[in-house]
Amino acid sequence: ERMGVVPIFPGDATYPALLADIPDPPRLLFAFGDLALASRQAVAGVGSRSHTDYGIHACRAVVDAAVGVGAVVVSGMARGIDAEAHTRALDDGGDTIGILGNGIGVIYPAANRALYDRVARDGLLLTEMPPGERPRVYTFPHRNRLIAGLATVTIVIEAARTSGSLITATAALDAGREVLAVPGPITADTSQGTNALIRDGSAPFLTGEDLWSRLPDSRCRRLPRSGT
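1. Brief notes about the overall build of the chain
Part 1: Along the backbone of the chain there are 8 helices and 9 strands.
Part 2: At 16 Å, the chain has a C-alpha radius of gyration in line with the 17 Å of a compact globule built from 228 residues.
Part 3: Dimensions of the chain, computed from C-alpha atoms along their principal axes, come out at roughly 45 × 40 × 35 Å.
Part 4: Taking all 228 residues of the chain together, the buried fraction comes to 56%.

2. A word on the layout of surface pockets
Part 1: Within this model, the largest pocket holds a volume of roughly 230 Å³.
Part 2: As for the largest pocket, its lining consists of 18 residues, and the residues nearest its centre are Gly 47, Arg 49, Ser 163, Gly 164 and Ser 165.
Part 3: At the level of secondary structure, the elements contributing two or more residues to the lining of the largest pocket comprise strand 3 (42-47), helix 5 (139-150) and helix 6 (165-174).
Part 4: If you tally residues by element for the lining of the largest pocket, the top one is helix 5, at 4 residues.

3. Section: the packing of aromatic side chains
Part 1: Scanning the entire structure with this criterion turns up 1 aromatic pair.
Part 2: A centroid spacing of 5.8 Å and a plane angle of 40° characterise the contact between Tyr 108 and Phe 140, whose relative ring orientation is tilted. Here Tyr 108 is found in the loop between strand 5 (96-99) and helix 4 (113-122), whereas its partner Phe 140 is found in helix 5, with 32 residues between them in sequence.

4. Some remarks on the pattern of salt bridges
Part 1: A full pass over the atoms with the stated rule returns 11 salt bridges.
Part 2: When salt bridges that share partners are traced, they join Asp 24, Glu 128 and Arg 145 into one network.

5. Focus: the packing of helix 5 against helix 6
Describing two packed helices takes the angle between their axes plus the distance from one axis to the other.
Part 1: Running from N to C, helix 5 and helix 6 point in directions that differ by 50°, and their axes come no closer than 8 Å. Looking at the two axes, helix 5 sits oblique to helix 6. Here helix 5 runs over helix 6; the crossing is right-handed. Mapping the contact onto sequence places Pro 141, Asn 144, Arg 145, Ile 147 and Ala 148 in helix 5 and Ile 167, Thr 168, Ala 171 and Ala 172 in helix 6.
Part 2: Classifying every residue of the contact of helix 5 with helix 6 gives 6 nonpolar, 2 polar and 1 charged.

6. As for the environment of Ala 181
Part 1: On the secondary structure map, Ala 181 appears in strand 8 (residues 178-181).
Part 2: Taking relative accessible area as the criterion, Ala 181 reaches 0% and is therefore assigned buried.
Part 3: C-alpha of Ala 181 to C-alpha of Leu 100: the two residues are 81 residues apart in sequence and 23 Å apart in space.
Part 4: Not counting residues within four places of it along the chain, the set of residues in contact with Ala 181 comprises Val 156, Thr 194, Leu 197, Ile 198, Ala 203, Pro 204 and Phe 205.

Rules and cut-offs
Residues numbered from 1 in each chain as written. Predicted model: local features only at pLDDT ≥ 70, side-chain atom pairs only at ≥ 80, totals over all residues. Heavy atoms only, no water. Helix = DSSP H or I, 4+ residues; strand = E, 2+ residues; numbered from the N terminus. Rg over C-alpha atoms; globule rule 2.2 N^0.38 Å. Buried < 20%, exposed > 50% of the residue type's maximum accessible area, 1.4 Å probe, protein only. 1 Å grid on protein atoms, 1.4 Å probe; cavity = no way out; pocket = protein on both sides within 12 Å on 5 of 7 lines; lining within 4 Å. Points joined across faces, edges and corners; volume = space filled by probe spheres on them. Phe/Tyr/Trp six-rings, centres within 6.5 Å; stacked < 30°, edge-to-face > 60°. Salt bridge = Lys/Arg side-chain N within 4 Å of Asp/Glu carboxyl O. Axes fitted to C-alpha atoms, helices over the stretch in contact; angles between N-to-C directions. Parallel < 35°, antiparallel > 145°, perpendicular 65-115°, else oblique. Left-handed = near helix turned anticlockwise from the far one by under 90°. Contact = heavy atoms within 4.5 Å. Nonpolar A, V, L, I, M, F, W, Y, C, P; charged D, E, K, R; others polar.

Below, the structure written as structure tokens:
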């Protein structure tokens, strides 16, 4: 039976173990949905709000690879690549966690109302902010560290040089987690951030094997996908 908004404190059985290991772990979380998802192996898929068609197709390839080995897909419920990551995971019959930069019950951005309702029904919503709290500029970097903290591997799918997705990548590295990046055209603004991550040492995501080889619990359940 699904409950309403559930507070989670450090030391609770439902407090995600991976979050306890990050710098500045959250002292209080609020959850709505399937709490069991927060203790499963997870992959973060993040990227630009201003995406390209290439970014959408790359996002689907990343999510298909994650869902194909039973990993939960984590993202930030923003427009663009984040929304596509959540949607693709659910369309694949997989599981997803939406990390909010606001309180549960606030739909932001408003255009994601249908996605918010779907993740609340079929996945898990998680945030540090109390129910009804509006988002503020500073809340999104806090949200990004939770995205990275929940995941074993963070994959940056499409990102400009100043993208917030790079904050997520930095948080993942600070927590000692692996970061992959999808390479893109050197002339595309939306690939400047991902290409820079690769130049600076992150591995590229080219195929599902690049992800599977980095997951401790890969189960080898690699499902064929027919197109994107």
